[in-house]
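Observations on the three-dimensional arrangement
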Amino acid sequence: MDGASEDLSDSAQPQNDDVRVYFVPYRWWKEAQDSNSAEGNATRGVLYSATPSSAYNGPMKIINNIFNSDLVFNLRRDEDSGQINENGEVGVSGRDYALVPGDLWLQALKWHTDSRAAMKDGRTFSAVEDDMADVYPLLLRLSVLRETNSLGVKVTKKDNAVEFFRRACKIFSVDSELLHIWDFSGQTTLLLSNDRNKLPKDSQRQSDQEILLELQVYGLSDSFRCREGKKDEMAAQQSNMASSSCGASLMMNGNLGCMNSNFVQTNSPAFCGSSGEAGTLGLTGLQNLGNTCFMNSSLQCLAHTPKLVDYFLGDYSREINHENALGMGGEIALAFGDLIRKLWAPGATPVAPRMFKSRLARFAPQFSGFNQHDSQGLSKNGGWDQYLEVWILTRSLKELLAFLLDGLHEDLNRVKCKPYIEAKDGDCRPDEEVADEYWRNHLARNDSIIVDVSQGQYRSTLVCPVCKKVSIMFDPFMYLSLPLPSTTMRTMTLTVVSADGSTPSSPCTINVPKNGKCEDLIQALSSSCCLKDDETLLVAEIYNNRIIRYLEDPTDSLSLIRDGDRLVAYRLPKVTDEDHLVVFMHQRIDEQYIHGKLSSSWKAFGIPLVARICNSVNGSDIYNLFLKLINPFLIPTEGITNNPDSSNKTVIDEVEMKDAMSPVLSEGANDIEEKGVNPDSDAGLQFFLTDDKGSTRDSKLVMDEPVTRLPKRLNLLVFWPEKKIEQCDIRLFGSLPEIFKSGFIARRPQESVSLYRCLEAFLKEEPLGPDDMWYCPRCKTHRQASKKLDLWRLPEILVIHLKRFSYSRFMKNKLETYVDFPVDNLDLSTYITHKKCMASNRYMLYAVSNHYGSMGGGHYTAFVHHGGDQWYDFDDSHVSPIPEDKIKTSAAYVLFYRRVVDV
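Quick summary incoming for the structure in this document. (Residues numbered from 1 in each chain as written. Predicted model: local features only at pLDDT ≥ 70, side-chain atom pairs only at ≥ 80, totals over all residues. Heavy atoms only, no water.)

1. Some thoughts on the overall build of the protein chain
To be explicit about the condition: For the purposes of this entry, the term helix denotes a DSSP run of H or I that reaches at least four residues, the term strand denotes a run of E that reaches at least two, and both are numbered from the N terminus. Relative accessibility decides the category of a residue: with a 1.4 Å probe and only protein chains considered, values under 20% of the type maximum give buried, values over 50% give exposed, and everything between is partly exposed. Throughout, a contact is declared for two residues whenever any of their heavy atoms are within 4.5 Å.
Across its full length, the protein chain holds 25 helices and 36 strands. For the protein chain, buried positions account for 51% of its 903 residues. Residue pairs in contact within the protein chain that sit at least 24 positions apart in sequence constitute 74% of those at least 6 positions apart.

2. Details of helix α13 (residues 354-362)
Formally: Note: the arc covers the axis-to-C-beta directions of the helix.
When α13 is considered as a whole, its buried residues turn out to be Phe356, Lys357, Leu360 and Ala361. Projection of α13 onto a plane perpendicular to its axis shows the buried side chains occupying an angular sector of 135°, all on one side.

3. Description of the nonpolar core
Soluble, globular proteins show a tendency: their nonpolar side chains are buried together. Our working definition: Joining through side-chain atoms within 4.5 Å is the link that ties buried Ala, Val, Leu, Ile, Met, Phe, Trp, Tyr and Cys residues into a set, and such a set is a nonpolar core.
Phe312, Phe336, Phe356 and Phe896 are the most contacted members of the largest nonpolar core, which has 54 residues in total. For this core, the element with the highest residue contribution is helix α12 (residues 331-343), accounting for seven residues. Counting residues in hydrophobic clusters, the runner-up holds 43 residues, among them Ile607, Val610, Trp720 and Phe733.

4. Examining the pattern of salt bridges
This is how it is decided: Salt bridge, as used here, is a side-chain nitrogen of Lys or Arg placed within 4 Å of a carboxyl oxygen of Asp or Glu.
What the rule picks out here adds up to 23 salt bridges. Salt-bridge contacts for Asp790 lead to Arg459; the nearest nitrogen and oxygen are separated by 3.2 Å. Residue Asp790 is found in strand β26 (residues 786-793), and its partner Arg459 is found in strand β10 (residues 456-463); the two are separated by 331 residues along the sequence. This pair shows no difference in class: Asp790 is buried, exactly as Arg459 is. The network of salt bridges with shared partners includes Glu319, Arg414, Asp447 and Asp452.

5. Concerning the environment of Leu736
The residue Leu736 is located in the loop between α24 (730-734) and β22 (752-754) in this model. In this structure Leu736 comes out as buried when scored by relative accessible area, which is 14%. On a C-alpha basis, the gap between Leu736 and Ile542 in space is 8.7 Å, while along the polypeptide they are 194 residues apart. Discounting residues that sit within four places of it in the chain, Leu736 has contacts with Thr495, Ile542, Arg566, Val568 and Ile607.

6. Overview of the pairing of β26
The line we're drawing: Here the rule is simple: two strands pair whenever DSSP picks up at least two bridges between them.
Taking burial as the measure, the eight residues of β26 include six buried ones, the bulk of the element. Summarising the sheet, strand β23 (residues 766-767) and β26 pair through two bridges and their orientation is antiparallel. Bridge pairing links Glu766 to Lys787 in β26.

7. Observations regarding the sheet that holds strand β13 (residues 489-498)
Short version of the rule: Axis definition: a line fitted to C-alpha atoms, over the contacting stretch in the case of helices. Angles run 0 to 180 degrees between N-to-C directions.
With mixed pairing, five strands are arranged side by side in an open sheet as β14-β13-β17-β15-β16. Each having just a single partner strand, β14 (506-513) and β16 (546-550) make up the two edges of the open sheet. Shown here is a sheet whose adjacent strand axes are inclined to one another by a mean of 45°, direction ignored. Helix α19 (residues 518-528) contacts β13, β14, β15 (535-543) and β17 (567-573) of the sheet and is inclined by roughly 130° relative to β14.

8. Details of the packing of aromatic side chains
Applicable threshold: Within 6.5 Å between ring centres, the rings of Phe, Tyr and Trp (the latter by its six-membered ring) count as paired, and their orientation is classed by plane angle as stacked under 30 degrees, edge-to-face over 60, tilted in between. Counted as over-ring charges are cases with an Arg CZ or a Lys NZ within 6 Å of the ring centre that also lie within 35 degrees of the ring normal.
With the rule as written, the count across this model stands at 30 aromatic pairs. Within the aromatic cluster, the residues linked to one another by ring pairs are Phe584, Phe605, Tyr623, Phe626, Phe687 and Trp720. Lying over the aromatic face of Phe605, Arg588 brings its terminal NZ or CZ to 5.8 Å of the ring centre. Against the face of Tyr550 rests Arg713, its NZ or CZ located 4.0 Å from the ring centre.

9. Considerations on the packing of α12 against α13
Rule in force here: Geometric relationships in this document are graded by angle, where less than 35 degrees denotes roughly parallel, more than 145 denotes roughly antiparallel, 65 to 115 denotes roughly perpendicular, and other angles denote oblique. Left-handed describes a crossing whose near helix is turned anticlockwise from the far helix by less than a right angle; the clockwise case is right-handed. Residues are grouped as follows: Ala, Val, Leu, Ile, Met, Phe, Trp, Tyr, Cys and Pro are nonpolar; Asp, Glu, Lys and Arg are charged; every other residue, Gly included, is polar.
Two elements in contact, α12 and α13, have axes separated by 9 Å at closest approach and are oriented at 165°. Relative to α13, α12 is oriented roughly antiparallel. Once α12 is placed against α13, the crossing between them reads as left-handed. Note on element contacts: α13 touches α12 through Met355, Phe356, Arg359, Leu360 and Arg362, opposite Glu331, Ile332, Ala335, Phe336, Asp338 and Leu339. Here the residues of the contact of α12 with α13 are counted per class, giving seven nonpolar, no polar and four charged.

Okay, here's the thing in structure tokens:
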């Protein structure tokens, strides 16, 4: 290179539609540029040195580093960059990088690709270049520092995915080692000259002082590709990778054809970078094209599905259905077949699935575009990024698998003209006859390699809860989505209060079906608190110290109860025709100073108490009943026992005091007196009729006078004097736990379940959700029917999706439950309903798709069985051996099984 220039040459400006800026290793860029310099096409750039930012220096540096985790540094322009380059002091270390426009990056990439193809033995292609297979975006915030004629650079966690931010911290670490950046794109010069109109579209103006610039980072993958600890496991073993080429006619058939599968692990950089160069068929990675690890993971699992690979390595093009309106013109099948052949080609290097991705994008508007999605929301450009965002938030890999398998099926459907077939009712015919009829009807419209190997059939039974109408259907399935048992149940905590004052209130935690009804809640509570035969439970929701609703309908869905609600279950005698309900709500004097004056008012407190009363009662009966209810909340005093009789006498004496005069109070307290309530601290409990909200204050109860016109639900306000409040434990009387309190701080111990338990939860009979009602043909209306699934016909390739992601209106969560799944012998014989089926019901695991991380950001990989006892970890472009005992992890997301033929 000839050094830097103040005015960039035209060649440094983007000349095509690709106006993105790429961030690449300078050594990689220089090798391509040196070849072009002989032809006089050398591009000149501007050299910058990175220095620590002064924004975080000073006495508060430690505090700022704790609370401000953003990566901040400055780029200072070197005026003598040409001399530095000529002396060869820059560009030789791994700490020198280059900013290049998209068209020049493509030229350099082409030069490297052609050079690599010319090297038949491939030995000069280093493992460092293998690491250049990945492209991922990085957002930088740039600002001009006029006083120093330099640029301020900020990389934040808010703008970037967690993993990309971690990589940026490693790349741009300027504290220990000098870092240089050559700009061949011209973007920094435009920014310093304040000519922002020429900045690329990727640059978003955040303010007058700051520009958001998106870089495409290429060739800078780090140890993230080789998982922590993997090198230690492989260091003790050596590699002897070898295979014989079987050509394009390679057939897997479950034993990898003529491949030599006697592999030994290694920790060599070349193997970790690209196992495909070792000549092992099928051990070829896929380049990450920017947040496409979930696509790579699913493709690797499908690329090692035995009969599917055999099919696409053969002459599959003759079965492409170009006329199918539901298909994609055969383009998905052709793109997938081309990708399979590349992955199974001898001596293949990591493959970039760009053509497959573009074909996939053509048939969905969401697939246009190529940028990384915004981690804070959908990309403003929409396209692939927007669809990717939706997938990431909603079971991304499962949705891709379903879309891809369905697209391949329609492209390869052997049925050219689908007949119209009307489904017939079972009419009490044998299940075998009805199931075979449904299956024949399905095959009459759907016949492809996908149906041959991966579609099964299950029986669905619906029962109307009202008329008991039974509906049986036999439907095909392409995969099983199994719930984790912890997600099928819901933990709820309620407060149980006795209606006879015999026991204090106590919290009760139970487990109920997530999609259950109130009757399930009552049943679980009754069992937990040992409810007697002559007792019943009344469940009510408490808010602001009053009852806002009663859960009396046993068919109400439990989904109507939120985790933040507070419920009380009252233990009551079973109701008779003459019984009435009385509800006590409590108030006390609340004093506060307003503008220097003491003001008093009545304030609600405590848990409403509920009891049953007979048809004829007077004031004294209600007084005595209330005293019995509050007895468990009284604080024991020395020499006095808290039994109802002793308490009654004391309190009744207080109530009957007539000579207690109130002192001089503020205006608020005088208002209280005018309403008939005695605020004297020595006065007794006072009872007033009110409404169900406790907002009105009607007539006062008199001791010996009967209560006339008694309603079915009598609501009373109880005014407590301070003296009486001091005798009660207000904490027991007023604290109510929430239904479910999420443990945001305390981490729960990891759950562990077997795959069989997940399958049992999937096949268990359960009521449909309120949003998934079934239309009963007999009732002529939608009903919340009960549903039961049974496995009837199993496919040759069984795909099992574990429902790790849970969603609600307010929260998205990933379940880290460890699922113990069989590797060598998944036996489904006891779970298959069609016992006369002659096919084997035993399966062997051959691939696992894993998801690491949380909902906000994560990474997908694949474990693939490759003959014998050997498994491999496919992590984008990196492929490495992995011991079989490391296959089972809490990251397992989708399991791929193939049928084992019984001998």
